[in-house]
There are 8 protein chains.
Amino acid sequence: MLKVAVIMGSKSDYETVKPAIDTLAKFGVPNSVHILSAHRTPDLAADFARHAKGNGYGALICAAGKAAHLGGVMAAYTTLPVIGLPIKSSLMDGLDSLLSIVQMPTGVPVATVAVNGSENAALLAIQILALSEPELDAKLEAHKQEMKDAIINAKI
Amino acid sequence: MLKVAVIMGSKSDYETVKPAIDTLAKFGVPNSVHILSAHRTPDLAADFARHAKGNGYGALICAAGKAAHLGGVMAAYTTLPVIGLPIKSSLMDGLDSLLSIVQMPTGVPVATVAVNGSENAALLAIQILALSEPELDAKLEAHKQEMKDAIINAKI
Amino acid sequence: MLKVAVIMGSKSDYETVKPAIDTLAKFGVPNSVHILSAHRTPDLAADFARHAKGNGYGALICAAGKAAHLGGVMAAYTTLPVIGLPIKSSLMDGLDSLLSIVQMPTGVPVATVAVNGSENAALLAIQILALSEPELDAKLEAHKQEMKDAIINAKI
Amino acid sequence: MLKVAVIMGSKSDYETVKPAIDTLAKFGVPNSVHILSAHRTPDLAADFARHAKGNGYGALICAAGKAAHLGGVMAAYTTLPVIGLPIKSSLMDGLDSLLSIVQMPTGVPVATVAVNGSENAALLAIQILALSEPELDAKLEAHKQEMKDAIINAKI
Amino acid sequence: MLKVAVIMGSKSDYETVKPAIDTLAKFGVPNSVHILSAHRTPDLAADFARHAKGNGYGALICAAGKAAHLGGVMAAYTTLPVIGLPIKSSLMDGLDSLLSIVQMPTGVPVATVAVNGSENAALLAIQILALSEPELDAKLEAHKQEMKDAIINAKI
Amino acid sequence: MLKVAVIMGSKSDYETVKPAIDTLAKFGVPNSVHILSAHRTPDLAADFARHAKGNGYGALICAAGKAAHLGGVMAAYTTLPVIGLPIKSSLMDGLDSLLSIVQMPTGVPVATVAVNGSENAALLAIQILALSEPELDAKLEAHKQEMKDAIINAKI
Amino acid sequence: MLKVAVIMGSKSDYETVKPAIDTLAKFGVPNSVHILSAHRTPDLAADFARHAKGNGYGALICAAGKAAHLGGVMAAYTTLPVIGLPIKSSLMDGLDSLLSIVQMPTGVPVATVAVNGSENAALLAIQILALSEPELDAKLEAHKQEMKDAIINAKI
Amino acid sequence: MLKVAVIMGSKSDYETVKPAIDTLAKFGVPNSVHILSAHRTPDLAADFARHAKGNGYGALICAAGKAAHLGGVMAAYTTLPVIGLPIKSSLMDGLDSLLSIVQMPTGVPVATVAVNGSENAALLAIQILALSEPELDAKLEAHKQEMKDAIINAKI
């Protein structure tokens, strides 16, 4: 199965990003976790993206805040799907992160999820891999049913 | 090859959405174009999403403006990757569309691209399909090189 | 008397929504409370809306946050008045919820109240029912007078 | 049948408000059109609201822009449902109008529709009256079907 | 000397408004404090404004939050200078209050100060009265010098 | 009678500011018009403010756009009432101008009117002067009546 | 004298950026103009920044719009002062560009000027070089005087 | 070596500004710290800027919040590079401060860094001085390497 990389721009993002890692693990998707900064380790980030396809990755989840360039920089070096996860930081509840990630110019998309939407970043990666992994597809269907049941069984 | 559906909430979105259709055609990706409204034809939209996987689709591009629920509604009925394309309309240059699409709750992601970013919506769909279509992958690499050459050869 | 349904997208919205329920009770309006998600239980939400008129409802209060599609989805399936109650969540103090609810496209209105304005959502429902319920109308007039008296009697 | 009043704060709002008037006419709802300003004719606005119930009105549509107080001022003097229609003017594509109308304090709701959403303001009024007018209800159901058919029959 | 009225829309605004009252007291400006709501006691608010000039007031400070209509409603009934003081509440750090107050339509100005800028609201009222009160003018000059000295003498 | 100064930061603001000048003229208020930039002629702006009281001014209207410091800079050098008129320019429909003017720190108020609200800036100045000019007061009352009549007589 | 590089992310930015180039020329500052995209030619952009210091540059002006990563990416590879020039594009009058550029994380500053503030980007570069170029310093002083004279001599 | 002045509009900004002072100290850059208000000590602020070049300064860091005029006012009186540091205060997470600083009119740039980006303000000043101080340049290169190493060595 293709792997998913979870990359964050700073160690301080770890707690917010953790649900993405946990979700990938829960679905049995092989993954690796990295700290790579578009601004502080640009070469390493570029290298990672350049070789991600060859290294067996199928999607890159890039979490960053403020002027969040990580997803865009990674997408510049690979044609793999890059999932942008805006981290809420100092300005306007994450609007700076969101706009820095989602408003990519023509030619280099970043698939953006909600601010701090870590679990959804992982689910999107799983949906992408599931297109050629029937087992994952079955797990997604089961997960959808579980969410439904959880609401049906919720007691107020 | 899996198909891509391009769905718009209103016929008036067609001109903005067209670059997505053209890009899919240019890459030779089988696609179909639909007008389906989350609010005016909810049953049809739900049915389309419910049967999309069985009907051979691999990704759904959902374009909508204002209180843009189309992507979220489709994602509610399928585990296929849903790509949300916010259309700029009346309020704050598309911020209403963008927030309505990207801020999905946990469990149901919509992969959001830039406001009016139609070509990127298609490229993201192609990147997803390319994971299991080497020919598409080669075309994406060539397209990346073409973009690079276009900038290198640009004359000011 | 027609009933009012109070529907929330998630159990976690309950505390914020509670003043709506309490207000309906205080005015003696028959009501029922539901957890129904536009994204996690779309079929159930659609079914509820589709049969709400036949089941004796006169207005639906739909509380949701973030990309808040619940009101719009319910309004897609019924011609009953749908009251949208934006719940403040992560982004811009509820602006994402507000825009996702109020900016409905032509043909499918959602009557939107203030962010976290639960009591007002209930009062609006009561105002609507009061058009054909003289007793409710009298209670609304009395409530208006009470609010006035509370201000006149306030001591600084 | 109860009447609907369409009230605008300035004659210059007429073109934007016209679809509300046309929609009421199309559904056969008795209505009257007024120019009343919360700031320039406050007494007249207050009087209108104070006597609206006695004068046979069932809902008031209040259209205003910028610091849009018309809906709130009318709602201060009546317990009839007041529908707020934010008019797009100079600042942030109508965000000033929208927030001035929708963010009403506890006790005095204004049912807000989309910025410039005139037709929806009328449809909401009709939905409210339809609770006790079966003929209007039938027309609303027919209108919902027409919208659906228009989308099904749309050719791209 | 003309009096200054400090009016707030709700008793809960008192703590935020208090610096305005204290500043008027410190400058020896005769003042009175009132709770008057544009929406819950509209008649009383209108009456107050209508008779304010005759009752010896020279300026009205109107503090309100959310859809903050108090200043505009008072200004509708008087030609006295009305000072709008936006109170920070639930949405966007007081942006709703600010826009609801400052964006008044042509013909009916409200002199708006910063969100929660209570002391400045009072100082503005004092500046206005000082035009015909040399003693107040001298106090303002002294206050300006005190502010300057406070900064010069500040130790980091 | 005290004079009113109309000061703009750039000649290009003249057309937007003109209604302020016309309104002052219509009310017979002595006034003078100046181009003074907080950033390009800071000494001249400071000098003007420093001597404005001695030169017979009663209020300063300061019109500026973008990072609009003119009003604040003038207010730093005088205790006269300074009226800030935000000019709509490039960013967010004048929100940059508005926030730059209205959000003054404690101790130095600027009485802010609506974005591009030139006529209201003049009316506010007139309201201030009218406190000690009965003739102006009468004109303001007449103007209020004219506005009312214009609305009453408006034909749709 | 050290050179200034003017770099834009797309040929379509040229007209907006031109005043920067013209200003550098007017002050006699050696400069070069480049099209380099953070997303479409990331290697070339990185190389340019990496060698800019060695190639005799003293400051880099980076103009870009939307998710504007160019300045940040260049700053990642050099310790030269990088001046970020946000270009107004589709969303919120350039707010996306502004936030993407100015909100850089700790350690990697980008000196940001106003949206579309091309001339100021050049003036800032000149101010920086002027610290060790007395001739440039004299030209800046003369330019400041010219701006002052232009305002003094402006006729309304 | 040229000196850097760190100027804040209020003593209350000290804690936020402190990382700028510490960073300058760490790099061995001569600096001085001042409290100067554009609005409360305008003369002193103007004087400081007017004589900064003659007094051996090479860059001025100006920290201010809300209607943050300090940087602009200083830049009006000097051609030295002025670095604007927006301080987060009451409205929209510092957006008022940011826009008040960055949106300077043509002719008078302020080099703006992130909201509360104190360390970056200092680093930008150091980058500017380093153009003619090889020792500072070496320290910047070492600092860049340290940041890189810190990320490489981070353990999750």
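Check the entry above for the structure.
Student: Looking at this structure, how should I read the interface of chain E and chain H?
Tutor: Accessible area lost upon the coming together of the parts serves often as the stated size of an interface. Across the contact, 15 residues belong to chain E and 16 residues belong to chain H. Together, the buried faces of chain E and chain H total about 1,300 Å²; carbon and sulfur atoms form 72% of this surface. For the pair chain E and chain H, the interface holds one salt bridge. Notably, a salt bridge pairs Lys148(E) with Asp43(H), separated by 3.9 Å at the nearest N-O pair. Run the count over chain E and chain H and you get two residue pairs in polar contact (both at pLDDT 80 or more). At the level of elements, helix 4 (95-102) and helix 6 (134-152) of chain E are the ones that each hand at least two residues to the side of chain E that touches chain H. Looking at side-chain class alone, the side of chain E that touches chain H contains ten nonpolar, one polar and four charged residues.

Student: Please clarify how the side chain of Lys66(F) should be interpreted in this entry.
Tutor: On the secondary structure map, Lys66(F) appears in the loop between strand 3 (57-65) and helix 3 (70-77). The side chain of Lys66(F) is buried and forms no salt bridge, while Asp96(F), the nearest opposite charge, is found at 6.7 Å. What Lys66(F) contacts, discounting residues up to four positions off in sequence, is Ile87(F), Ser89(F), Ser90(F), Asp96(F), Ser97(F), Ser100(F), Ala114(G), Gln103(H), Met104(H) and Pro105(H).

Student: Hey, could you run me through the relation of the copies chain D and chain C in this one?
Tutor: Between the two copies of the chain lies a relationship made up of a rotation around an axis and a movement along it. Its rotation angle being 180°, the transformation that places chain D on chain C also includes 0.0 Å of axial translation and leaves an RMSD of 0.0 Å. Between the two chains, the operation in question is that of a two-fold axis. Most of the interface of chain D is mirrored in chain C, where 100% of its interface residues are also at the interface.

Student: Help me understand the relation of the copies chain E and chain H, please; the structure alone is not making it clear to me.
Tutor: Here chain E sits on chain H after a turn of 90° about the axis and a move of 0.0 Å along it, with an RMSD of 0.0 Å. Taken together, the rotation and translation describe the operation of a four-fold axis. Closest approach to the rotation axis among the C-alpha atoms of chain E is made by Met92(E), whose C-alpha sits 4.2 Å away.

Student: How should I be thinking about the arrangement of the chains in this particular structure?
Tutor: Spatially, chain B is disjoint from chain E: no contact exists, and the shortest C-alpha separation is 15 Å. There is a gap between chain C and chain F: no contact, and a shortest C-alpha distance of 16 Å.

Thresholds, definitions, all that
The written sequence of each chain sets the order in which its residues are numbered from 1. Here the convention is simple: chains get letters from A, ligands get numbers from 1, in the order in which they are written. Residues qualify for local features only when their pLDDT is at least 70, as the model is predicted, and side-chain atom pairs are given and counted only at 80 or more; totals for whole chains, interfaces and linings, by contrast, use all residues. The side-chain figures draw on all heavy atoms in the structure; neither hydrogens nor water molecules are used. Should any heavy atoms of two residues lie within 4.5 Å, those residues are counted as being in contact. Two parts placed together each lose some accessible area; with a 1.4 Å probe, that loss summed over both constitutes the buried area. By definition here, a salt bridge exists when the distance from a side-chain nitrogen of Lys or Arg to a carboxyl oxygen of Asp or Glu is within 4 Å. Counting of polar contacts relies on pairs of N or O atoms within 3.5 Å, with two restrictions inside protein: one atom must be capable of donating a hydrogen and the other of accepting it, and residues adjacent in sequence are counted only when both atoms are side-chain atoms. Starting at the N terminus, helices and strands are each numbered in turn, a helix being any DSSP run of H or I of at least four residues and a strand any DSSP run of E of at least two. Lys, Arg, Asp and Glu make up the charged group, whereas Ala, Val, Leu, Ile, Met, Phe, Trp, Tyr, Cys and Pro make up the nonpolar group; the residues left over, Gly among them, are polar. Exposure classes here rest on a 1.4 Å probe applied to the protein chains alone. A residue is buried below 20% of its type maximum, exposed above 50%, and partly exposed in between. Under the convention used here, Asp and Glu are negative, Lys and Arg are positive, and both His and the chain ends fall outside the count. Fitting of the copies onto one another was done by least squares over C-alpha atoms, counting residues only where both copies have pLDDT of at least 70.

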